[in-house]
There are 4 protein chains.
Amino acid sequence: MSSSDIFIGETIGTAVLILLGGGVCAAVTLKASKARGAGWLAIAFGWGFAVLTAVYISGPLSGAQLNPAVTIALALTSGVWSQVWVYLLGQLLGAMIGAALVWVAYYGQFQAHMTDPEIVGTDEERAAVKAVEATEPAAGPVLGIFSTGPEVRNAVMNLLTEIVGTFVLILAVLTQGLNAKGTGLGVLGGLITALVVVAIGLSLGGPTGYAINPARDLGPRIVHALLPLPNKGGSDWSYAWVPVVGPLLGAAAAAGIYNVAFA
Amino acid sequence: MSSSDIFIGETIGTAVLILLGGGVCAAVTLKASKARGAGWLAIAFGWGFAVLTAVYISGPLSGAQLNPAVTIALALTSGVWSQVWVYLLGQLLGAMIGAALVWVAYYGQFQAHMTDPEIVGTDEERAAVKAVEATEPAAGPVLGIFSTGPEVRNAVMNLLTEIVGTFVLILAVLTQGLNAKGTGLGVLGGLITALVVVAIGLSLGGPTGYAINPARDLGPRIVHALLPLPNKGGSDWSYAWVPVVGPLLGAAAAAGIYNVAFA
Amino acid sequence: MSSSDIFIGETIGTAVLILLGGGVCAAVTLKASKARGAGWLAIAFGWGFAVLTAVYISGPLSGAQLNPAVTIALALTSGVWSQVWVYLLGQLLGAMIGAALVWVAYYGQFQAHMTDPEIVGTDEERAAVKAVEATEPAAGPVLGIFSTGPEVRNAVMNLLTEIVGTFVLILAVLTQGLNAKGTGLGVLGGLITALVVVAIGLSLGGPTGYAINPARDLGPRIVHALLPLPNKGGSDWSYAWVPVVGPLLGAAAAAGIYNVAFA
Amino acid sequence: MSSSDIFIGETIGTAVLILLGGGVCAAVTLKASKARGAGWLAIAFGWGFAVLTAVYISGPLSGAQLNPAVTIALALTSGVWSQVWVYLLGQLLGAMIGAALVWVAYYGQFQAHMTDPEIVGTDEERAAVKAVEATEPAAGPVLGIFSTGPEVRNAVMNLLTEIVGTFVLILAVLTQGLNAKGTGLGVLGGLITALVVVAIGLSLGGPTGYAINPARDLGPRIVHALLPLPNKGGSDWSYAWVPVVGPLLGAAAAAGIYNVAFA
């Protein structure tokens, strides 16, 4: 695959992934959305089928890695690092485009949500909060549509949760090749991987919101910081390293196990 | 494929699509339906598996396009326009038949729902509303079973939402061929496309109800205007152009990207 | 396939179908069930995956028809009627065995449910109801775990709803063969059919509970009439012909369309 | 397959199965989990896709039996018992590792949940309960994240429920080989089996929580007894034999039917 195909494929694919993944979070969260309150099952299936859609769209161009954890794990198991930066750049750019498109698709909902005093508080309440938060701005009310955050904030435990979740994802991705060997069914891999992502969402998403993908978390967090959303609050940068480092450690662990036990 | 196979296939397929798609909206909405209140997850899976059912039924006859946005995008990428009108006519006719069949299947539920004063108001209330609405009739209480409508009415934003949703659908449809190439797995395409439609419903359906198909919206809207439903209210014709134009623009954008980056 | 393989396959397969299909109704309905209140989405997926399980178990033995509507439609399109009665007998026997197994698996739940005065009424209330119902016994409180029933009782409309639902099912089953032709993917048919059944459940199940299979309704109704359930109430025999005749008419209509347009 | 590949594959696979299966129970149950209250549909899909993930990860190494009931049934139908103990040991070890990983991933949630007086009672209340339970310690408040338990406690009926559920699972697993014969689609078996597990969860999980796998229940129960969870309560050892014996009897019954009717 050429570098330009890889870059374009990863950019489009990751944009679709985040558009649909962030989209389901917006759909379930925002005021004036028909899907408001649809709950965690909608979140888990939404992100899973976001992966499915993105994988089949970008597969023919770039092989659909769409996740720095996948890219690093494949480099660690194959030993080939030459195109890694092309993948990573496409993934980060795509994630940012996808997050911006969520804002476009849900523009009216964001406006309705972020100007509702019952949701964002009155002017006085927000001013009071702002004064207190001067040194440590809290996560804003719609940051969860862009990036992940922990329910119980504890860096070590949050990191462990992301490591465990990503370990499962990456081991499933690496073993896809073994399952498809000699069956000509490689094209099924996108469906299987999508259902694995549903599984991880249902089973391991509870504590931190399962980033399991550094680009999925960092790109939209940057977009959250840049977008002109009224009353958006902080982007929770103090947490931002966890969903980057955790998935990379989980990927490295899965690649190590794969090299020892499966290769 | 012969013109008659195409016309019959698209008519039957789109009728099944709208029967099942409109059916799930009826099931979740109407009084005296066992599925009442089943929520957005039911809607999203219902429409997705409606696509699946319709695709496998009509695929052998017409190739199962079932959506003017798909037909236009395939013409734009293949350059072949000769049968386009046969597809479009079959799709519109099928959508109208399907919407009428929803009314047949849920006849008792429509009757119970539309004569319940708690739902449609008392005679006096309806008369008062009618007087006010003389110049701009609002969407009726079951129009959502037939056609889509926005939660926040803003033509530009609603159009953008439909463009974005259809863009994802069409790009996924166009790249199916690339995924199936050489694997003999073209028959899986219906399942993948169905899950993409579930994804779009979960993730991008919140603002406008995701028409992403001009025939899906226009055909049933015509049937809503014609059916003898008691207290049915207006068919919201002022919005009707958005779910026609938006999907066609989204399809054109996806075809353009496909021609540049994938072909 | 030998007659004995057909009979055994259809008996086991339909027993599994009804065990799982009736089972999900019990799971969602009965007191002291962990799944109580899981709702219509659980019902629709439960019946769909019941079909999937039953089809893959009985497919190798009997071809997994499991439904008199399927058997009649295949006979009408193939012209081969020689084994039809073997199929039908296996299906009815299997459906009865499956319904009895639901009772076995949920024995404690049935006991808890049917002796709870808040659910079945006090002794006096039941006696009063019985006196009124002497001539027309109503459907009992757990009949829905065994057989279907209408939300709005109207024989013509209920029949139409069953005809429409079965028509979709049978057309999807008949066209499976065309989709699989030359692709060697016939084995996927069970999955596709299962998702079609989920679709029909979500979209057309609201009015009558979607029998779409005479054996699925009649066999368990007989078992309901025979089982020693406390306070079980009537088996609603006046409705029993609808879910038998409707599906057969829907199957005949689908076979007719298939012979004209697809064959 | 070598004994070491089998042992490693079954250990990793069963660890993933229980990590994701126990994980969804934690996600839906525990305080401070984003998925809290997601309900039975989440449980059933979570366990089903846990099976899917575990099967595709361990399939290439060990064939992904992951369940002593599967291992015994395959030995009974094939007559080959030589590696059975390797499978069983890997499964039990893996189940224990998986249960411990659930505790790691949800550490903060367990802490928050188990120290909340509204959930575990005040110190006085717990002391009072403890005094009464001296001879028969009840199941603790999070035991359900580790092991199964009955809603209506009756050894015979609970055993029957587990026998019926496992019978369906094992018959579906045994017939997979027949479905795949000559189609090269063996790799689809994991997806089909996963959906069968969803079916069993939805349909037969209500009374006992569907162990249908001795290792799935016993391994995590041992871990529950060992873990330093505050206020964890009893591990309900008096019930522990049911989800071991029931699945084995169900497996034997399915193997018997298979040998008579299908082989």
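This report concerns the structure included in the present document. Being a predicted model, the structure only gives us computed values, none of them experimental.

With that settled, the discussion passes to the overall build of chain A. Helix and strand content of chain A: twelve helices and zero strands. Each helix and strand of chain A, ordered N terminal to C terminal, gives the series α-α-α-α-α-α-α-α-α-α-α-α. The globule rule puts the C-alpha radius of gyration for 263 residues at 18 Å, and the 18 Å found for chain A is close to it. Projecting the C-alpha coordinates of chain A onto the three principal axes gives extents of approximately 65 × 35 × 30 Å. Out of the 263 residues belonging to chain A, those deemed buried represent 61%. Once local pairs closer than 6 in sequence are excluded, the contacts in chain A between residues at least 24 apart make up 81%.

The next subject is the side chain of Ser33(D). Considering the arrangement of structural elements, one finds Ser33(D) in the loop between helix H1 (3-29) and helix H2 (40-62). What Ser33(D) contacts, discounting residues up to four positions off in sequence, is Gly206(A), Ala26(D), Ala27(D), Tyr106(D) and Gln109(D).

Screw-axis analysis of chain D against chain C gives a translation of 0.0 Å along the axis, an RMSD of 0.0 Å, and a rotation angle of 90°. The superposition of one copy onto the other is thereby described by a four-fold rotation axis. Different-surface contact between copies: only 14% of interface residues of chain D are shared with the interface of chain C.

What follows covers the arrangement of the chains. A gap remains between chain A and chain C, which never touch, and the nearest two C-alpha atoms on either side lie 11 Å apart. The closest approach of any C-alpha atom in chain B to one in chain D is 11 Å; the two make no contact.

Moving on: the environment of Val245(D). Residues and elements named next belong to chain D. Along the chain, the position of valine 245 falls in helix H12 (residues 242-262). When its relative accessible area of 31% is taken as the criterion, valine 245 is described as partly exposed. Spatially, the C-alpha atom of valine 245 lies 9.5 Å from that of asparagine 213, the residues being 32 residues apart in sequence.

Residues and elements named next belong to chain A. On the surface, a nonpolar cluster with roughly 560 Å² of combined accessible area is contributed by Phe7, Ile8, Trp85, Leu89, Leu93 and Ile97. At the level of secondary structure, the elements contributing two or more residues to the nonpolar patch comprise helix H1 (3-29) and helix H4 (84-105). For the nonpolar patch, the element with the highest residue contribution is H4, accounting for four residues. Taking the relative accessible area as the measure of exposure, isoleucine 8 reaches 32% and is therefore partly exposed.

Reading the values: rules and limits
- Residues numbered from 1 in each chain as written.
- Chains lettered and ligands numbered in written order.
- Predicted model: local features only at pLDDT ≥ 70, side-chain atom pairs only at ≥ 80, totals over all residues.
- Heavy atoms only, no water.
- Helix = DSSP H or I, 4+ residues; strand = E, 2+ residues; numbered from the N terminus.
- Rg over C-alpha atoms; globule rule 2.2 N^0.38 Å.
- Buried < 20%, exposed > 50% of the residue type's maximum accessible area, 1.4 Å probe, protein only.
- Contact = heavy atoms within 4.5 Å.
- Least-squares fit on C-alpha atoms with pLDDT ≥ 70 in both.
- Patch = residues over 30% accessible without salt bridge, like charges linked within 9 Å, V, L, I, M, F, W, Y side chains within 5 Å.
- Areas by Shrake-Rupley, 256 points an atom, 1.4 Å probe, with all protein chains shown as cover.
- Salt bridge = Lys/Arg side-chain N within 4 Å of Asp/Glu carboxyl O.

Purely spatial values, then, with no claim about function.
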